[in-house]
Amino acid sequence: MAASIGRDTQSSIYRGGAVGRKPLVPASWDALEAAARASMSADAFAYVAGSAGREKTTDANAAAFDAWQIVPRMLRDVGSRDLSIDLFGRNYPSPVIAAPVGVLELAHPEADLGIARATAILGIPYVASNQASIALEETFAATPGASHWFQLYWSSSDDLVESLVGRAEKAGAEAIVITLDTHMLGWRPRDLDVAYLPFAHGLGIAQYTSDPVFRRLVADRIASTAPSSTPRINVTVLRTLLDMSRHYPGSFWSNLRSKEPRTAVDVFLEVFSRSSLTWKNLDFVRSRTKLPILLKGIQHPDDAELAIKHGADGIIVSNHGGRQLDRAIASLDALPAIVAKVNERVPVLFDSGIRSGSDILIALALGATAVLVGRPWVYGLAIGGTAGAEAVLRNLLAELDLNLGLSGNTRISDLTPDILDRVAR
Ligand SMILES: Cc1cc2nc3c(=O)[nH]c(=O)nc-3n(C[C@H](O)[C@H](O)[C@H](O)COP(=O)(O)O)c2cc1C
């Protein structure tokens, strides 16, 4: 990364403007969201932008940032700044990670390859989602030398869990993120109102259809069930069958005649998640990988304590960007008590609601080691593929760099609660 990503990014935008070149992505949040909306189908935008219930958790995530203000200090020589952090024995050029996001083909055909390439350019870890549109082996291989992590949804099939973790480790993943908050899909009115779940169309299940254990489950199902009646064909059914056949590995025409793509969707909907999991189940993954394990979705300090007790190497304080439980605590409001409880035994990462460099600065000041960002780069991907996702992430890093200096600080370790003031709400 350049010595000052803030000044370099800013001057590249202004110099471009002087010769008539407009930035690829808007820097302001509202304009970014509007541009992404215009680039996506209505169903796709609803899936990405939407949250659970009345979206009060998402509102709370935003309001929690508004409760803090930064108190800048002057004349402290902030001419040279360093955004780098150390995490799991590796030095990263910035404290930003791309959050795992599923079904990226809804945003752009480059999908996971787009964000994998964008993050590789910036030295940001790419967390492959369990619900990716492209298998992890392909995205990791496309960005050799970059930092790759894998996010796991705990399936009802332990064999599948073992297979996915093994594949990720073999393909070079540096960490496993287990997402705990999605043992059932949240109640999402924007998707319910258009009756649209991408997985039911065969989208976002590439980690499964590329998996030998999952393929065996599908073959067993086909062998053991009586021939199902073909659904009555109408335009929607036809479109769904075409979608499923297009997304299943192998030739489109033989997929169209085969039961496999349809059965794969049925099997996926059954094995996707397991609500009966308890802390004891974590030993299963712990004993099957040497990689650091991070638990994503922690919001209570006692759960942070249990996570450490059960062998977690890191915690991600997250409420899934408000997509799971409505009227839940804002993730930022949960952060300080968790940081206090963890007391530096493992890194505490944070996500949900980050929209600007100042938001990153506040989360870091409240004790996060690094932050994950979700919707902002998905919007960039929707607008411009790899280049769009890269531009959004670069803007966030630029704003973070400038605001680090403008607040009177030069290193991420300078960011402590002392630089903040709490606003009475
Ligand atoms: C469209 C979409 C899909 C997501 N898919 C996943 C996923 O597959 N796995 C996961 O752990 N989190 C997933 N998340 C949650 C993100 O990892 C992250 O927690 C959240 O986006 C952070 O909030 P933000 O969007 O406000 O930055 C998804 C989020 C969005 C918006």
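Cut-off values and rules
Residues numbered from 1 in each chain as written. Predicted model: local features only at pLDDT ≥ 70, side-chain atom pairs only at ≥ 80, totals over all residues. Domains from an automatic or database assignment. Helix = DSSP H or I, 4+ residues; strand = E, 2+ residues; numbered from the N terminus. Nonpolar A, V, L, I, M, F, W, Y, C, P; charged D, E, K, R; others polar. Expected span 1.5 Å × (residues − 1). Contact = placed C-beta atoms within 7 Å. Near = placed C-beta within 6 Å. Core = buried A, V, L, I, M, F, W, Y, C linked by C-beta atoms within 7 Å. Buried ≥ 20, exposed ≤ 12 C-beta atoms within 10 Å, placed from the backbone. Pairing = 2+ DSSP bridges. Right-handed = clockwise from strand over helix to strand, strands pointing away. Axes fitted to C-alpha atoms, helices over the stretch in contact; angles between N-to-C directions. Parallel < 35°, antiparallel > 145°, perpendicular 65-115°, else oblique. Left-handed = near helix turned anticlockwise from the far one by under 90°.

A closer look at the domain arrangement of the chain
We note that the domain assignment places domain 1 (5-184 + 274-422) and domain 2 (192-271) within the chain. Of note, the centres of domain 1 and domain 2, computed from C-alpha atoms alone, are 31 Å apart. At the level of elements, helix 3 (42-49) and helix 7 (158-171) are the ones that each hand at least two residues to the side of domain 1 that touches domain 2. Here the side of domain 1 that touches domain 2 gets four residues from one element, more than from any other, and that element is helix 7. For the side of domain 1 that touches domain 2, the class distribution of residues is ten nonpolar, eight polar and three charged.

Digging into helix 11 (residues 235-247)
The end-to-end C-alpha distance of helix 11 is 18 Å, a good match for the 18 Å that 13 residues give at a rise of 1.5 Å each. In this structure, the buried side of helix 11 is in contact with helix 12 (252-257) and helix 13 (260-271).

Digging into the site of the ligand
Taken together, 23 residues lie near the ligand, and Ala99, Gly102, Thr179, Gly321 and Gly374 sit nearest. When grouped by side-chain class, the residues that make up the shell around the ligand number seven nonpolar, twelve polar and four charged.

Structural notes on the nonpolar core
Among the nonpolar cores identified, the biggest contains 124 residues, and Ile176, Ile315, Ala363 and Val371 are the most heavily contacted of them. Per-element tally for this core: the top contributor is helix 18 (residues 375-406), with 16 residues. Counting contributing residues, this core receives three or more from each of domain 1 (5-184 + 274-422) and domain 2 (192-271). Sequence-distant contacts of Val371, defined by excluding residues within four places in its chain, comprise Pro95, Val96, Leu349, Phe350, Asp351, Ile354, Ile360, Ala363 and Leu364.

Things to note about the pairing of strand 9 (residues 314-317)
Side chains of strand 9 alternate between two faces, with Gly314 and Ile316 and Ile315 and Val317 buried alike. Direction of pairing for strand 8 (residues 293-298) relative to strand 9: parallel, over a ladder of four bridges. The residue bridging Leu295 from the neighbouring strand is Ile315, located in strand 9. Taken together, strand 8, helix 15 (residues 301-309) and strand 9 constitute a β-α-β crossover, and its handedness is right-handed. Pairing of strand 9 with strand 10 (residues 348-350) involves three bridges; the strand directions are parallel.

Brief notes about the packing of helix 1 (residues 5-18) against helix 18
Between helix 1 and helix 18, the shortest axis-to-axis distance is 7 Å and the interhelical angle comes to 125°. Put simply, helix 1 runs oblique to helix 18. Considering the relative orientation of helix 1 and helix 18, their crossing is left-handed. In this structure, helix 1 contributes Ile5, Gly6, Thr9 and Gln10 to the contact, and helix 18 contributes Arg394, Asn395, Leu397, Ala398, Asp401 and Leu402. Of the residues in the contact of helix 1 with helix 18, the class split is four nonpolar, four polar and two charged.

Some points on the environment of Ala389
Along the polypeptide, Ala389 turns up in helix 18. Separated by 291 residues in the primary sequence, Ala389 and Ala98 place their C-alpha atoms 9.9 Å from one another. What Ala389 contacts, discounting residues up to four positions off in sequence, is Gly114, Ile115, Ala118, Trp377, Gly380 and Leu381.

Some remarks on the pairing of strand 8
For strand 8, the tally of buried residues reaches six of six residues, placing the bulk of the element in the interior. Note: strand 7 (residues 176-179) against strand 8, four bridges, orientation parallel. Bridge assignment links Thr179 to a residue of strand 8, and that residue is Lys296.

A few points about unusual backbone geometry
Positive phi values are uncommon outside glycine, yet Phe88 reaches one of about 50°. Relative to the helices and strands, Phe88 is located in the loop between strand 2 (85-87) and strand 3 (90-92). Residue Phe88 is classed as partly exposed on the basis of its C-beta count, with 17 C-beta atoms lying within 10 Å. Even without being glycine, Arg327 reaches a positive phi, approximately 60°. Tracing the backbone shows Arg327 in the loop between strand 9 and helix 16 (331-342). Overall, the presence of 13 C-beta atoms within 10 Å leaves Arg327 in the partly exposed class.

Focus: helix 17 (residues 357-365)
In terms of burial, helix 17 is a largely internal element, eight of the nine residues being buried. Listed as buried for helix 17 are Gly357, Asp359, Ile360, Leu361, Ile362, Ala363, Leu364 and Ala365.

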